[in-house]
Amino acid sequence: MDCNGCKDVDRVKIQRKIRRSKVIRGSVRMKVKKLQRLIPGGRSAEPDRLFLMTADYILHLKSQLNVLRALSQAYKP
């Protein structure tokens, strides 16, 4: 027994998965581009290096915040 309808359904499911994965990849690319703009020196970085730079930058910002908090406590009236 030939099941042409089954083959069509399978083909449609595969096409949907491909379309969905392209949308996800495009979304990830957009987010990486945005991150590249936020991180100093990130525009020329590859994604794996960019994620390391992001972690370093977060630590840098946290340390700046801690310094500013300490200064504000020291100069509190």
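Everything below is about the structure printed above this text.
Residues numbered from 1 in each chain as written. Predicted model: local features only at pLDDT ≥ 70, side-chain atom pairs only at ≥ 80, totals over all residues. Heavy atoms only, no water.

Colleague: Quick question: what am I supposed to make of a positive patch on the surface here?
Modeller: The grouping of R25, R29, K31, K33, K34, R37 and R43 at the surface amounts to a positive patch. Note on placement: R43 falls in the loop between α1 (4-38) and α2 (47-74). The exposure class assigned to R43 is exposed, which follows from its relative accessible area of 63%. (Patch = residues over 30% accessible without salt bridge, like charges linked within 9 Å, V, L, I, M, F, W, Y side chains within 5 Å. Areas by Shrake-Rupley, 256 points an atom, 1.4 Å probe, with all protein chains shown as cover. Salt bridge = Lys/Arg side-chain N within 4 Å of Asp/Glu carboxyl O. Lys, Arg positive; Asp, Glu negative; His and termini not counted. Charge placed at Lys NZ, Arg CZ, Asp CG, Glu CD. Helix = DSSP H or I, 4+ residues; strand = E, 2+ residues; numbered from the N terminus. Buried < 20%, exposed > 50% of the residue type's maximum accessible area, 1.4 Å probe, protein only.)

Colleague: Before we go on, may I ask you to explain a nonpolar patch on the surface in this structure?
Modeller: Nonpolar side chains collect at one region of the surface, where V67, L68, L71 and Y75 lie side by side and expose about 460 Å² of accessible area between them. Mapped onto the secondary structure, V67 falls in helix α2. Owing to a relative accessible area of 49%, V67 belongs among the partly exposed residues under this scheme.

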